[in-house]
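Chain and residue survey
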Amino acid sequence: MTTRPTGSARQAFYEQIRALSMTPLWESLSTLVPHTPNGPCVPALWRWHDVLPYIEQAGTLITAEEAVRRVLVLENPALPGQSSITQSLYAGLQLILPGEVAPAHRHVQSALRFIVHGRGAYTAVDGERTTMFPGDFVITPGWTWHDHGNDGLDGHSEPVVWLDGLDIPMIRFFDAGFEEKSAARSQQVSRPEGNALARYGHNLLPVDYTPGSPTSPIFNYPYARTREVLDQLYRDGETDAWHGVKLRYVNPVTGGWPMPTLATFMQFLPAGFTGKPYRSTDGSVFSVVEGRGCVVVDGQRFVFGPKDHFVVPSWKSFTLHADEDAVLFSFSDRPVQSALNILREEKLDA
Ligand code: 1HN
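Here we summarise the structure given alongside this text.

Rules behind the numbers
Residues numbered from 1 in each chain as written. Predicted model: local features only at pLDDT ≥ 70, side-chain atom pairs only at ≥ 80, totals over all residues. Heavy atoms only, no water. Pairing = 2+ DSSP bridges. Helix = DSSP H or I, 4+ residues; strand = E, 2+ residues; numbered from the N terminus. Axes fitted to C-alpha atoms, helices over the stretch in contact; angles between N-to-C directions. Salt bridge = Lys/Arg side-chain N within 4 Å of Asp/Glu carboxyl O. Buried < 20%, exposed > 50% of the residue type's maximum accessible area, 1.4 Å probe, protein only. Near = heavy atom within 4 Å. Polar contact = N/O pair within 3.5 Å; in protein donor to acceptor, adjacent residues only side chain to side chain. Areas by Shrake-Rupley, 256 points an atom, 1.4 Å probe, with all protein chains shown as cover. Phe/Tyr/Trp six-rings, centres within 6.5 Å; stacked < 30°, edge-to-face > 60°. Lys NZ or Arg CZ within 6 Å of the ring centre and 35° of its normal. 1 Å grid on protein atoms, 1.4 Å probe; cavity = no way out; pocket = protein on both sides within 12 Å on 5 of 7 lines; lining within 4 Å. Points joined across faces, edges and corners; volume = space filled by probe spheres on them. Nonpolar A, V, L, I, M, F, W, Y, C, P; charged D, E, K, R; others polar. Core = buried A, V, L, I, M, F, W, Y, C linked by side-chain atoms within 4.5 Å. Contact = heavy atoms within 4.5 Å.

Time to look at the sheet that holds strand β14 (residues 263-269). Across the sheet, which stays open at both edges, the six strands sit in the order β1-β19-β16-β21-β14-β13 with antiparallel pairing between neighbours. Whereas interior strands pair on both sides, the edge strands pair on one side only; in this sheet they are β1 (44-46) and β13 (245-248). Strand after strand, the sheet turns through a mean of 20 degrees between neighbouring axes, direction not considered. Here strand β16 (residues 284-290) runs beside strand β19 (residues 309-312); their pairing, made up of four bridges, is antiparallel.

So this is what it looks like as structure tokens:
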């Protein structure tokens, strides 16, 4: 008859194989292959009211030039020190003051900007500038030269704050990061403002155009146009019981996402809307554009208003409520999960 080794015999064995950089799978199998997603992220809310004084203070402590990018990173409270808002996504609030320049560089990481506060700042991407207004969604695809500035509008200038969303943790995961600084502080502009939107943003394409990359050739999706569409679709009765009126931003050339790693959405929740519970494997970061309401994530309630930000982790079921007409921007890693065929979503209480 054989006797089972005792717990302490196993522990001694684990110690021995540790010296060879080996470990027993059976001790971690259920964590490695969870029954359902069991990540560390928690839901969290950053209220504009709480955050703004520190953004302003950052503006007195360092220039955009010295900081390269003057950003306060929104870290998931469960991932301190990782510059991650979810396991795959980075988010931060960037401040650019009148007259400042954030110098030109490029990197493998893809970035989105969602304008939260102030007008008159521009970003330049691969030879074209765009002036940014609150609610505009702007992309900086991977490896494109980009710099920012704040020249103001019509002789008036003010601090401008936007949400940066990047795929930093994904690129770090793949150990695939490269970066270059430009010799020029601001890049040379080679096309007039609005050129990309004129070429690609009106259900038309230049006759000889063939897409050279999966990335959208449009780099500013202006809020005025998005807002109008949400309004019309609401009037037309196209309110989903889970999402309200929810649209995804699109690469008009391919029908795919604007960038290969980041999905972006805009949704309208009419006053009094109470959504049904929903969950998906892509955790999402939200920026509140208009209106007040709350989100309940796994029973935990977060009350939001304009310019607030919140994160809903993977597979946590949540419901959205609007006390006033509300507009929410959001982004996630959905394109990557879709490409890997691992995306799951569930409309609950159907
Ligand atoms: C970056 O290049 C920007 O260009 C913003 O504005 C945030 C965070 C990490 C790495 C690069 C920008 C960033 C970033």
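Another point: the pattern of salt bridges. A full pass over the atoms with the stated rule returns 17 salt bridges. With its nearest N and O atoms 2.8 Å apart, the salt bridge here joins E65 to R185. Linking E65 in helix α4 (residues 64-67) with R185 in the loop between β11 (179-181) and α6 (195-200), this pair joins segments that are 120 residues apart in sequence. A salt bridge links R334 to E345; its shortest N-O distance comes to 3.7 Å. One end of the pair, R334, is in helix α8 (residues 334-339); the other, E345, is in strand β22 (residues 345-347), and 11 residues separate them in sequence. The buried category is assigned to R334, whose relative accessible area is 12%.

Another aspect to go through is the site of the ligand. Within the structure, the ligand sits among R69, Y90, Q94, H105, H107, R113, H146, H148, D164, L166 and I168. At 2.8 Å, a side-chain N or O of H105 approaches an oxygen atom of the ligand. H146 places a side-chain nitrogen or oxygen 2.9 Å from an oxygen atom of the ligand. Within the complex, 85% of the 330 Å² of free accessible area of the ligand lies under protein. Among the elements of the structure, β3 (90-96), β4 (101-107), β9 (146-150) and β10 (160-166) are those that each provide at least two residues to the shell around the ligand.

With that settled, the discussion passes to the packing of aromatic side chains. According to the stated counting rule, one finds 16 aromatic pairs in the structure shown. Here F286 and F310 contribute two aromatic rings whose centre-to-centre distance is 4.6 Å and whose plane-to-plane angle is 10 degrees, an arrangement assigned as stacked. Here the residue F286 occupies a position in strand β16, and F310 occupies one in strand β19, the gap between them amounting to 24 residues. Under the relative-accessibility criterion, F310 is labelled buried at 2%. The structure contains a cluster of three or more aromatic residues connected by ring pairs, namely F114, F137, Y221, Y249 and F329. Positioned over the ring face of Y122 is R129, at 3.8 Å from the centre of the ring. The residue whose ring lies beneath K246 is F265, and the NZ or CZ to ring-centre distance is 4.7 Å.

A full pass over the atoms with the stated rule returns one cavity of 30 Å³ or more. Considered as a void within the structure, the largest cavity measures approximately 40 Å³ in volume. Lining the largest cavity are W242, H243, K246, Q267, K276, Y278, F318, T319 and L320. Of the residues that constitute the lining of the largest cavity, the class distribution is four nonpolar, three polar and two charged.

Time to look at the nonpolar core. Core analysis: the largest hydrophobic core is formed by 48 residues, its most contacted members being L163, M266, F329 and F331. Those residues in contact with L163 that sit more than four places away from it in its chain are L74, A91, G92, L93, L112, R113, F114, V116, S287, H309, F329 and F331.

A few words on the side chain of N220. Locating N220 in the fold gives a position in strand β12 (residues 220-221). Here the side chain of N220 touches T130 through a polar contact of 2.8 Å, side chain to side chain. Here N220 is in contact with T130, T131, D136, F137, V138 and L197, once residues within four sequence places are set aside.

Turning our eyes to something else, we now look at the layout of surface pockets. Put simply, the largest pocket is a space of about 910 Å³. In this structure, the largest pocket is lined by 30 residues; those nearest its centre are Q87, S88, T281, D333 and Q337. Secondary structure elements with two or more residues in the lining of the largest pocket: α5 (168-174) and α8. Element by element, the count of residues in the lining of the largest pocket is highest for α5, at five residues. If you add up the space inside the second largest pocket, you get close to 490 Å³. Around the second largest pocket, the lining comprises 20 residues; the ones closest to its centre are Y221, R225, T226, Y249 and V250. Here the element with the most residues in the lining of the second largest pocket is helix α7 (residues 223-235); it accounts for three residues. Residues that form the lining of the second largest pocket fall into these classes: 13 nonpolar, five polar and two charged.

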